Amino acid sequence: MKTIAEIGQAHDGSLELLYAYIDAVAITGADAVKFQTHIADAESSIYEPFRVKFSEDKTRFDYWKRMEFSLTEWIDIGKYCKKQGLQFISSPFSNAAVDILEQAGVDIYKVGSGEVTNHLLLKKIIETGKPIIISSGMSSFEELDHTVAFLKQHKADFSILQCTTSYPTMPESYGLNVINELKLRYGVTVGFSDHSAKVATGIAAVALGAEILEFHVVLDRDQKGPDASSSLTIEESISLIASVKEIDTALTNPVNKYDNSSFSDLKQIFEKSLAVNKDVSKGHILQFGDLEAKKPKGYGINAGDYKKVIGRAINKNLNRWEFLNEQDLV
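Below is a summary of the structure that appears in this document.

Conventions and cut-offs
- Residues numbered from 1 in each chain as written.
- Predicted model: local features only at pLDDT ≥ 70, side-chain atom pairs only at ≥ 80, totals over all residues.
- Heavy atoms only, no water.
- Helix = DSSP H or I, 4+ residues; strand = E, 2+ residues; numbered from the N terminus.
- Buried < 20%, exposed > 50% of the residue type's maximum accessible area, 1.4 Å probe, protein only.
- Contact = heavy atoms within 4.5 Å.
- Axes fitted to C-alpha atoms, helices over the stretch in contact; angles between N-to-C directions.
- Parallel < 35°, antiparallel > 145°, perpendicular 65-115°, else oblique.
- Left-handed = near helix turned anticlockwise from the far one by under 90°.
- Nonpolar A, V, L, I, M, F, W, Y, C, P; charged D, E, K, R; others polar.
- Polar contact = N/O pair within 3.5 Å; in protein donor to acceptor, adjacent residues only side chain to side chain.

Structurally, the position occupied by Ser237 is in helix α10 (residues 234-251). Residue Ser237 is classed as buried on the basis of its relative accessible area of 0%. Apart from the residues lying within four places of it in its own chain, the contact partners of Ser237 are Thr28, Phe215, Val217 and Leu232.

Below, the discussion takes up the environment of Ile27. Relative to the helices and strands, Ile27 resides in the loop between α1 (15-26) and β2 (32-37). Judged by its relative accessible area of 58%, Ile27 falls in the exposed class. Sequence separation between Ile27 and Gln84 is 57 residues, and the spatial gap between their C-alpha atoms is 9.2 Å. Those residues in contact with Ile27, other than ones at most four positions away along the chain, are Ile234 and Ile238.

Quick look at unusual backbone geometry now. Look at the link from Lys295 to Pro296: it is a cis peptide, with omega at 0°. Tracing the backbone shows Pro296 in the segment after β10 (291-294). With a phi close to 80°, Trp321 is a non-glycine residue in the positive phi region. For Trp321, the location among the structural elements is in the segment after β10.

Time to look at the packing of α1 against helix α4 (residues 71-83). Each pair of packed helices can be summarised by the angle the axes make with each other and by the distance between the axes. Relative orientation of the contacting elements α1 and α4 amounts to 15°, with a least axis distance of 10 Å. The angle between α1 and α4 falls in the class roughly parallel. Our pair here, α1 against α4, has a crossing hand that is right-handed. Residues Leu15, Leu18, Tyr19, Ile22 and Asp23 of α1 form the contact with α4, whose participating residues are Glu73, Asp76, Ile77, Tyr80 and Cys81. Here the contact of α1 with α4 is built from residues that sort into 7 nonpolar, no polar and 3 charged.

On to the side chain of Ser90, then. Examined against the element boundaries, Ser90 turns out to sit in strand β3 (residues 87-92). Within the structure, the side chain of Ser90 is placed 2.7 Å from the side chain of Thr37, a separation counted as a polar contact. In contact with Ser90, other than residues within four places in its own chain, are Lys34, Phe35, Gln36, Thr37, Trp74, Leu101, Val106, Ile108, Tyr109 and Lys110.

And the structure:
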């Protein structure tokens, strides 16, 4: 079970804020921290539609430009992640970004759902030999089939995340059913990328078989940024990770309901023996209404065998609440 805290663009281009995020993620118990690596000149153009209402930038291109960090800065970021005990994951949005991340020592590549059909980028990432996590957010099964075939053809080490590209994602769009569909269809490790801003969603995904859980984090949900409304706070992230670790432990330790030998001592205490619920005289024919079940087991006929005594006579007087044994019956 791997947990990935996604910072994305929550740093808003501030290196100081980015490091604050790494420090915050380090206390959540997450296994990895994830970024996005943007190089505006390589990935975008002035013709890309501007979609971010929160930003002060004049164009989308300008926004990506402001999200950039230098090679030296990325190298330092990668080192700091490892120092804090976190795997360093990033989504490159250009082949040039892959070159930077390789020098920065990235551990795992994440492929955003908008890049799933970008086999040029995929080929570049595959050549690094690093593990790859594919997000399926905007992809149909037909598109995923094509990409999975490409990855398998090149013997890539990859996994797939069920994801819905909607911020925040509403319950009717979680697509939790797709987790198992992806497993059956592709036979690879499958996880869940969450944009719901709800702790319960990640817990449900893991309970349904997600082996990787990615979620966005934010220091303050009121801060600006494209993912703030679909992110978990640090406190919520701590709660989520503790919960999914417990769920993972449960799933990897299946209970054998064919064998209850470990409960033998408890069963002796809590299971019950038959008794009479009134004073009865020798020769009395026992009826259902004469019987009670009392703890512990083994002091009378097992309560589950009550049918065996109904209609039979007792061979001695019994006081109310006395246990009923086979030797008391005719």
